[in-house]
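Residues per chain are reported as follows:
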Amino acid sequence: LIGRPFHGLLAVADRWRNGDLAARSGVRSDSSEFGRLATAFDTMAAALAARERALSMALESTTDNVLVLDRDWRISFVNGHAKATLTQDRELLGQVLWDALPKLDDHSIGGALRTAMDQGVPTYASGSSPTLGKDFEAHAYPSIDGLTVFFRDVTHERRTAAALLETAQQFRATFEQAAVGMAQIGLDGSFLRVNDKLAAILG
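Residues numbered from 1 in each chain as written. Predicted model: local features only at pLDDT ≥ 70, side-chain atom pairs only at ≥ 80, totals over all residues. Heavy atoms only, no water.

Enquirer: Help me get a handle on the sheet that holds strand β4 (residues 134-143), residues and values and all.
Expert: As a general point, the strands of a sheet are linked pairwise by backbone hydrogen bonds and lie either parallel or antiparallel. As summarised here, the arrangement of the five strands in space is β2-β1-β5-β4-β3, forming an open sheet in which the pairing is antiparallel. This sheet does not close on itself; its edge strands, each paired only once, are β2 (75-78) and β3 (123-129). Sheet twist, expressed as the mean angle between neighbouring strand axes with direction ignored, is 20 degrees. Of the pairings in the sheet, the one linking strand β1 (residues 65-70) to β2 comprises three bridges and is antiparallel in character. (Pairing = 2+ DSSP bridges. Helix = DSSP H or I, 4+ residues; strand = E, 2+ residues; numbered from the N terminus. Axes fitted to C-alpha atoms, helices over the stretch in contact; angles between N-to-C directions.)

Enquirer: Residues and numbers for the pattern of salt bridges, please.
Expert: Tallied over the full model, the rule gives one salt bridge. Its salt-bridge partner being Glu-137, residue Arg-152 comes within 2.8 Å of it at the nearest N-O pair. Of this pair, Arg-152 sits in strand β5 (residues 146-153) while Glu-137 is found in strand β4, placing the two residues 15 residues apart along the sequence. Judged by relative accessible area, Arg-152 falls into the partly exposed class, the value being 29%. Judged by its relative accessible area of 15%, Glu-137 is buried. (Salt bridge = Lys/Arg side-chain N within 4 Å of Asp/Glu carboxyl O. Buried < 20%, exposed > 50% of the residue type's maximum accessible area, 1.4 Å probe, protein only.)

So, to be careful, I would describe these as geometric facts and stop short of saying anything about function.
Below, the structure written as structure tokens:
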């Protein structure tokens, strides 16, 4: 009368602790103390499972790559974007981050993750990955359970910014060194910029 429901509740609590939120007590729901306790356990598990599903859906729907790490640096969650970016057909769940991505330890992003875990403060870092041939920026948010890391590929943005900067520098050089007088004039007719040649022509 006591041992069987008691051990049933202990067993399901162990399964919850190991991440199996679909487990239920199996104890008959009735007016007894164990019956009411089992109902409370099962209701709590259902609520936790629903919250876990909602969180997982939110992390899957974001356009960022997401990793969730426990306090031992084990990867407990990888969303679809991160799998496509990092896995290369490898399984990351359950692996220690530094074993799964060994070159990350010498990277600025790896240093930021260690700071976030050790000091319990959010961190940001960016840098290039020679292995993947891409540029990334990452935000790490610590919690009592570990870290949630959001990172994204900024390769295209950086290349576009570099191309725009190069174009601007070329225009500036052409404008300043042109053999003819050149000016930029505002919509109100005022001079915004003149080159030395135009200044010499106009005295």
